[in-house]
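What follows is the residue order along each chain.
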Amino acid sequence: MKRFLFAALLMAAPLWCSSQEIPSISHVFKEMPDSLMPYLSKNNRLDMIDFMEAKMKAVVNNLLDGKTVMTSLTADSLSIDMNGTLHIDMKIVPAVTPSDSCLYNIQVHRIYTLNENQTESVVDVYTSAWNRISSQVERSSLLNRDEKIFERSH
């Protein structure tokens, strides 16, 4: 009997997963832990979403007494200029691993402008419960980019 019940549950799981909807980025952004974006309080995040939905300029005063602007909001992605040196893009993507077939992942892409010739890009991938899956850091500069261009031309 236990085996039959277990088999029935396994067969029903794909039906439940396929009927589960991926939430909008607005919902995910609202529920994001404050520790992942310490510049903004939950109220700041809610205000920015409300402003964007009302077709207004989404500017809030962040917790460091600076201005933060949400520049784009779609159903599955958003873009934020945190300050003059930090830009954040977030996107909801379907989970790839079979064990997470009914979940989604969240990509958070942070671009730091270190100076006019140098940037640092950090891409973190989180589960739907905001547990980090992976992180990738890439540093670039105009000098490195120019060297790569010259290497390709020869």
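Residues numbered from 1 in each chain as written. Predicted model: local features only at pLDDT ≥ 70, side-chain atom pairs only at ≥ 80, totals over all residues. Heavy atoms only, no water.

In terms of helices and strands, the protein carries four helices and seven strands. Buried positions account for 28% of the 154 residues belonging to the protein. Considering only intrachain contacts with a sequence separation of at least 6, the fraction spanning at least 24 residues in the protein is 27%. Accessible surface, the protein: about 10400 Å² in total, of which carbon and sulfur atoms supply 57%. (Helix = DSSP H or I, 4+ residues; strand = E, 2+ residues; numbered from the N terminus. Buried < 20%, exposed > 50% of the residue type's maximum accessible area, 1.4 Å probe, protein only. Contact = heavy atoms within 4.5 Å. Areas by Shrake-Rupley, 256 points an atom, 1.4 Å probe, with all protein chains shown as cover.)

For any pair of aromatic rings, geometry is given as the distance between the ring centres together with the angle between the planes. For the structure on display, the rule yields one aromatic pair. Aromatic side chains Tyr 126 and Trp 130 sit 5.3 Å apart centroid to centroid with 55° between the ring planes, which places their arrangement in the tilted category. Owing to a relative accessible area of 5%, Tyr 126 belongs among the buried residues under this scheme. (Phe/Tyr/Trp six-rings, centres within 6.5 Å; stacked < 30°, edge-to-face > 60°.)

Judged by nonpolar contacts, the single largest core of 24 residues is most densely connected at Phe 29, Met 37, Met 70 and Met 90. In terms of residue count, strand E4 (residues 86–94) provides more of this core than any other element does, four residues in total. Those residues in contact with Met 37 that lie beyond four places of it in its chain are Phe 29, Met 32, Ile 80, Met 82, Ile 88 and Met 90. (Core = buried A, V, L, I, M, F, W, Y, C linked by side-chain atoms within 4.5 Å.)

With that settled, consider the pairing of strand E2 (residues 67–73). Strand direction decides the pairing type here: strand E1 (residues 58–61) and E2, joined by four bridges, are antiparallel. When the sheet's bridge partners are listed, Val 60 is paired in E2 with Thr 68. Linking E1 back to E2 in an antiparallel pair, the connection comprises five residues, with Asp 65 at a positive phi of about 60°. Relative to strand E3 (residues 77–81), E2 is paired through four bridges, and the arrangement is antiparallel. Paired with Met 70 across the two strands is Ile 80, which belongs to E3. Where E2 hands over to E3, the hairpin turn is made up of three residues, counted between the paired strands. (Pairing = 2+ DSSP bridges.)

So, about the side chain of Asn 105. Among the structural elements, Asn 105 can be located in strand E5 (residues 104–115). Setting aside residues no more than four positions away along its own chain, Asn 105 makes contact with Lys 91, Ile 92, Val 93, Pro 94, Ala 95, Val 96, Val 125, Tyr 126, Thr 127 and Ile 133.

Time to look at the confidence of the model for the protein. On average, residues of the protein score 80 in pLDDT, and 74% of them are at 70 or above. Low pLDDT, under 50, characterises residues 1–19; the predicted model gives this stretch three contacts beyond four residues in sequence or across chains. (pLDDT = per-residue confidence, 0-100.)

End to end, helix H3 (residues 42–53) covers 17 Å across twelve residues, agreeing with the expected 16 Å (1.5 Å per residue, within 8%). Summarising the contacts, the buried residues of H3 are in contact with helix H2 (25–31), E1, E2 and E3. The positive-phi residue at the C-terminal boundary of H3 is Lys 55, with phi of around 60°. (Expected span 1.5 Å × (residues − 1).)

Along the polypeptide, Gln 136 turns up in strand E7 (residues 132–141). Spatially, the C-alpha atom of Gln 136 lies 6.5 Å from that of Asp 124, the residues being twelve residues apart in sequence.

Per the stated rule, a full pass over the model turns up five salt bridges. A salt bridge links Asp 76 to Lys 91; the nearest nitrogen and oxygen atoms lie 2.7 Å apart. Placement of Asp 76 in the loop between E2 and E3 and of Lys 91 in strand E4 is noted, with a sequence separation of 15 residues between them. Residue Asp 76 is classed as partly exposed on the basis of its relative accessible area, which comes to 32%. As a salt-bridge pair, Arg 132 and Asp 124 come within 3.6 Å of each other at their nearest N and O atoms. Three or more residues are tied together by salt bridges with common partners; here these are Arg 110, Asp 124 and Arg 132. (Salt bridge = Lys/Arg side-chain N within 4 Å of Asp/Glu carboxyl O.)

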